[in-house]
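Below are the chains, spelled out letter by letter.
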Amino acid sequence: SFTDPSVSMELLRAVLQPSINEEIRSVFNKYMKFFQTAAINVRDNVGEEVDPEQLIQETCRSCLEQAKLLFSDGKKVVPRLPHEQAVPKRARQMDEELSRRGSPVPKKRKGRPPGQSLSNDRGVSGMAAWKLKVSEPVRRDGPKWDPSRLTETTTFVLGSRANKALGMGGTRGRLYIKHPHLFKYAADPQDKHWLAEQQHMRATGGKMAYLLIEEDIRDLAASEDYRDSVDLRLEELKPFIPPAWMTEKMQKHMETLRRGGDAPPPEDPPE
């Protein structure tokens, strides 16, 4: 019923997009182990200010951007087609409907495009499951994300020590990738000065230091994933109680994250 060629092609694209996405995901899963290893190495060499998950996501997006050049006319930047400036409403609705159904073709049609294979047909590999996990939005609700749980007697541990305690000493960033739901607070210069004075960490200048709630780490250690591990070393935690002014900053940070915002800027030292 459409006479505009670009609209017709856009509708076809919308029908095939779920199948195309599935094939693209399988390609990335094939190379994900290389990205993960490289990102963890960067984290270990540069310091904890590097977020391996973010590096991996940026690298995947860069791969997709470079892949656009396969369909370019020789220019460095792939020009947007006129119909991409404003996707037809019908095509958008079809995209949303197909996405909800998880099917590459409308229900009334039989069969599916060549090469299409759903994850439960081929069996999701461990790396594929990891990729799916990091792509999902992190839930920040429930009692563990209630700022009132942070009091002047709440004990915290350094992220580096939590990694060692759970048997991840050689891959410090793995804890944050495997458990993105954990609350972590990036210490600012004032916090790191106090931590160094109290000998909880070395005076490392600009190196990032994360603080985690001891209770959260011990809950992880008691879970099925860790409780029977021979690498479990809970004596490595070395928990401590931060001063009230630091706890207050962490409460504000938790509240900001729970509301879906970004971390607040570092505050000036208290008088």
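This text goes with the structure placed above it.
Reading the values: rules and limits
All residue numbers refer to positions counted from 1 along the written sequence of the respective chain. It should be noted that, the model being predicted, local features are given only for residues of pLDDT at least 70 and side-chain atom pairs only at 80 or more, the latter also being counted only at that level, while totals for whole chains, interfaces and linings use all residues. Each side-chain value is worked out from all heavy atoms of the structure, with water and hydrogens disregarded. Remark: exposure states derive from per-residue accessible area (1.4 Å probe, protein chains only) relative to the maximum for the residue type, with buried under 20%, exposed over 50%, and partly exposed in between. What counts as a helix is a DSSP run of H or I of at least four residues, what counts as a strand is a run of E of at least two, and both are numbered from the N terminus. The arc in question is the one spanned by the directions pointing from the helix axis to the C-beta atoms. Any two residues whose heavy atoms approach within 4.5 Å are treated as being in contact. Residues belong to one nonpolar core when they are buried, are Ala, Val, Leu, Ile, Met, Phe, Trp, Tyr or Cys, and are joined through side-chain atoms within 4.5 Å. Counted as salt bridges are all cases of a side-chain nitrogen of Lys or Arg within 4 Å of a carboxyl oxygen of Asp or Glu. Every axis in this analysis is a line fitted to C-alpha atoms, fitted for helices over the stretch in contact. Angles between the N-to-C directions lie between 0 and 180 degrees. With respect to orientation, any angle under 35 degrees is reported as roughly parallel, any angle over 145 as roughly antiparallel, any angle of 65 to 115 as roughly perpendicular, and every other angle as oblique. Note: crossing handedness is left-handed where the near helix turns anticlockwise from the far helix by less than a right angle, and right-handed where it turns clockwise. Residues are grouped as follows: Ala, Val, Leu, Ile, Met, Phe, Trp, Tyr, Cys and Pro are nonpolar; Asp, Glu, Lys and Arg are charged; every other residue, Gly included, is polar. For patch building, the residue pool is restricted to those with more than 30% relative accessible area and no salt bridge; the joining distance is 9 Å between like charges and 5 Å between nonpolar side chains (Val, Leu, Ile, Met, Phe, Trp, Tyr). Each accessible area is a Shrake-Rupley result for a 1.4 Å probe, and residues are judged covered by the shown protein chains and nothing else.

Participant: I'm lost on helix 10 (residues 214–221) in this one. Help?
Facilitator: Along an α-helix, residues three or four apart share an orientation, since each turn contains 3.6 residues. If you check which residues of helix 10 are buried, you get E214, D216, I217, L220 and A221. Buried residues of helix 10, viewed axially, fall in a sector of 165°; they line one side. Packing partners of the buried residues in helix 10 comprise strand 1 (156–158), helix 7 (159–165), helix 8 (174–178) and strand 3 (210–213).

Participant: Help me understand the nonpolar core, please; the structure alone is not making it clear to me.
Facilitator: Among soluble globular proteins, nonpolar side chains are generally buried collectively. Ranked by internal contacts, the top residues of the largest apolar core, which has 18 residues, are L150, F156, F183, L195, L211, F240 and M250. Residue assignment for this core shows that the elements contributing at least two residues are strand 1, helix 9 (189–197), strand 3 and helix 11 (244–258). If sequence neighbours within four positions are ignored, L195 has contacts with L158, A187, H200, M201, L211 and F240. Of all hydrophobic cores here, the second largest spans 15 residues; its members include A165, L166, L175 and Y226.

Participant: Quick question: what am I supposed to make of the pattern of salt bridges here?
Facilitator: Charged atoms that come close allow side chains of opposite charge to pair. Tallying each qualifying case throughout the model produces 14 salt bridges. Linking K144 and D219 is a salt bridge whose minimum nitrogen-to-oxygen distance equals 2.7 Å. You can see K144 sitting in the loop between helix 6 (126–135) and strand 1 and its partner D219 sitting in helix 10, a full 75 residues away along the chain. In this structure K144 comes out as partly exposed when scored by relative accessible area, which is 34%. A relative accessible area of 38% means that D219 is categorised as partly exposed. Residue R258 pairs with E255 through a salt bridge whose shortest N-O separation is 2.9 Å. Taken together, the positions of R258 and E255, both in helix 11 and three residues apart, correspond to about one turn of that helix. Three or more residues are tied together by salt bridges with common partners; here these are K144, R149, E215, D216 and D219.

Participant: Just checking my understanding: could you explain the packing of helix 9 against helix 11 for this structure?
Facilitator: A pair of packed helices is captured by two measures, namely the crossing angle of their axes and the spacing between those axes. Two elements in contact, helix 9 and helix 11, have axes whose closest approach is 11 Å; the angle formed by their N-to-C orientations is 140°. Here helix 9 is positioned oblique relative to helix 11, judged by the angle of their axes. At the point where helix 9 passes helix 11, the crossing takes the left-handed sense. From helix 9, Q190, D191 and W194 reach across to helix 11, where they touch W245, M246 and K249.

Participant: Explain the packing of helix 1 (residues 5–46) against helix 2 (residues 52–67) to me, please; I cannot follow it from the model alone.
Facilitator: Interaxial distance between helix 1 and helix 2 falls to 9 Å at its minimum, and their mutual angle equals 135°. It follows from the interaxial angle that helix 1 and helix 2 lie oblique. Here helix 1 runs over helix 2; the crossing is right-handed. Facing helix 1, whose interface residues are I24, F28, M32, F35, Q36, A39, I40, V42 and R43, helix 2 presents P52, L55, I56, T59, C60, C63 and L64. Partitioned by chemical class, the residues of the contact of helix 1 with helix 2 number 13 nonpolar, two polar and one charged.

Participant: How should a nonpolar patch on the surface be read in this particular structure?
Facilitator: Together, M9, L12, L16, I20, I24 and L64 make up an exposed nonpolar region whose accessible area comes to about 490 Å². The greatest single-element share of the nonpolar patch, amounting to five residues, is contributed by helix 1. Positionally, M9 belongs in helix 1.

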